[in-house]
Amino acid sequence: MNPRVVTFHYKLTDKEGNEIDSSQGSHPLSYLEGTGQIIAGLEDEIKAMNAGDKKVISVNADKAYGQKNPELVFDVPKSQFPEGEELSVGMMFQTDEPDTVYTITDIKGESVIVDGNHPLAGVDLIFDVQIVNIRTATDEEVSHGHVHGEGGHHHH
């Protein structure tokens, strides 16, 4: 039996109620169950839901983006960046290291402090979820490992 494709609207906040992200006013999010397309703590809770269900789901950092790893925060000499590039706090970049995006968190003279943690690492998350639709994934979606849009095959 193929896994399910779940489509849902969500509002994501932190424990203080600050909105981080939302699908409201936009298209709902669809994912293929069991493929790691959404965080584990959210998927675990959605598995028990049905189309039309609404639920507020709390996901602690360990089941979301993990705890902050202090080893991923370090100084880089400004000379390691391309000459003439305007550096600023909040700027993000990728290196040859796969799947790691670094954020510049501080600039002190010739030293640039970078952080390779996910921006939501260490943050407990609250999802306000409404399931829009649940269906069985097609064989093509399963073989490709992702959901296809309405009417067939779409790659972005």
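Residues numbered from 1 in each chain as written. Predicted model: local features only at pLDDT ≥ 70, side-chain atom pairs only at ≥ 80, totals over all residues. Heavy atoms only, no water.

Participant: Sorry, what's going on with the overall build of the chain here?
Facilitator: Scanning the chain from terminus to terminus reveals two helices and nine strands. Reading the chain from its N terminus to its C terminus gives the helix and strand order β-β-β-α-β-β-β-β-β-β-α. By the compact-globule yardstick of 15 Å for 156 residues, the chain is too spread out, its C-alpha radius of gyration being 19 Å. Considered along the principal axes of its C-alpha atoms, the chain spans approximately 55 × 35 × 30 Å. Of all 156 residues assigned to the chain, the portion counted as buried reaches 31%. Residue pairs in contact within the chain that sit at least 24 positions apart in sequence constitute 61% of those at least 6 positions apart. For the chain, the accessible surface area stands at approximately 9,800 Å², while carbon and sulfur atoms represent 48% of it. (Helix = DSSP H or I, 4+ residues; strand = E, 2+ residues; numbered from the N terminus. Rg over C-alpha atoms; globule rule 2.2 N^0.38 Å. Buried < 20%, exposed > 50% of the residue type's maximum accessible area, 1.4 Å probe, protein only. Contact = heavy atoms within 4.5 Å. Areas by Shrake-Rupley, 256 points an atom, 1.4 Å probe, with all protein chains shown as cover.)

Participant: Explain the side chain of Asn-117 to me, please; I cannot follow it from the model alone.
Facilitator: Positionally, Asn-117 belongs in the loop between β8 (111-115) and β9 (125-136). Polar side-chain contacts of Asn-117 include one of 2.8 Å to the backbone nitrogen of Asn-69. Discounting residues that sit within four places of it in the chain, Asn-117 has contacts with Gln-67, Lys-68, Asn-69, Leu-72 and Val-73. (Polar contact = N/O pair within 3.5 Å; in protein donor to acceptor, adjacent residues only side chain to side chain.)

Participant: When you look at the domain arrangement of the chain in this model, what are you seeing that I'm missing?
Facilitator: Interfaces are often described in size by the accessible area the parts lose on coming together. Taken as a whole, the chain is organised into domain 1 (4-65 + 121-144) and domain 2 (70-115). Between the C-alpha centres of domain 1 and domain 2 the distance comes to 31 Å. (Domains from an automatic or database assignment.)

Participant: Quick question: what am I supposed to make of the confidence of the model for the chain here?
Facilitator: Note: predicted coordinates in regions of low pLDDT should not be interpreted at a detailed level. When pLDDT is averaged along the chain, the result is 91; 96% of the residues meet or exceed 70. Predicted confidence is poor over residues 151-156, with pLDDT under 50, and the contacts of this stretch with residues over four places away or in other chains come to eight contacts. (pLDDT = per-residue confidence, 0-100.)

Participant: Would you take a moment to explain the environment of Leu-12 for this structure?
Facilitator: Tracing the backbone through its elements, the reader meets Leu-12 in strand β1 (residues 4-14). Considering only alpha carbons, one finds Leu-12 and Glu-97, 85 residues apart in sequence, at a separation of 29 Å. Beyond its immediate sequence surroundings of up to four residues, Leu-12 is in contact with Asn-18, Glu-19, Ile-20, Asp-21, Leu-120, Leu-125, Ile-126 and Phe-127.

Participant: I would appreciate a short explanation of the packing of aromatic side chains in the present structure.
Facilitator: Geometry of an aromatic ring pair is reported as the spacing of the ring centres plus the angle between the planes. The full count for this structure, using the stated rule, is five aromatic pairs. Plain terms: the ring middles of Phe-81 and Phe-93 are 5.4 Å apart, the flat faces sit at 85° to each other, and that makes the pair edge-to-face. Taken together, the positions of Phe-81 in the loop between β5 (73-77) and β6 (92-94) and Phe-93 in strand β6 put the pair twelve residues apart, joining distant regions of the chain. Phe-81 gets classed as buried once you look at its relative accessible area, which sits at 12%. (Phe/Tyr/Trp six-rings, centres within 6.5 Å; stacked < 30°, edge-to-face > 60°.)

Participant: What exactly am I supposed to notice about the pattern of salt bridges here?
Facilitator: Side-chain pairing between opposite charges can occur once the charged atoms of the two side chains come close. For the structure shown, the criterion picks out eight salt bridges. In this structure, Asp-115 and Lys-68 form a salt bridge, with 3.1 Å as the shortest nitrogen-oxygen distance. Of this pair, Asp-115 sits in strand β8 while Lys-68 is found in the loop between β4 (54-59) and β5, placing the two residues 47 residues apart along the sequence. For Asp-106, the salt bridge identified is with Lys-108, shortest N-O distance 3.8 Å. Judged by relative accessible area, Asp-106 falls into the partly exposed class, the value being 28%. (Salt bridge = Lys/Arg side-chain N within 4 Å of Asp/Glu carboxyl O.)

Participant: Would you take a moment to explain the UniProt feature "domain: PPIase FKBP-type" (unreviewed entry) in the chain for this structure?
Facilitator: What UniProt calls "domain: PPIase FKBP-type" (unreviewed entry) maps, in this numbering, to residues 3-97. For residues 3-97, the helix share is 7%, the strand share is 35%, and the end-to-end C-alpha distance is 32 Å. (UniProt positions renumbered as here; feature names shortened; annotations may be inferred.)

Participant: Got a minute to help me understand the environment of Val-5 in this structure?
Facilitator: In this fold, Val-5 is placed in strand β1. It is 6.6 Å that separates the C-alpha atoms of Val-5 and Ser-30, two residues lying 25 residues apart in sequence.

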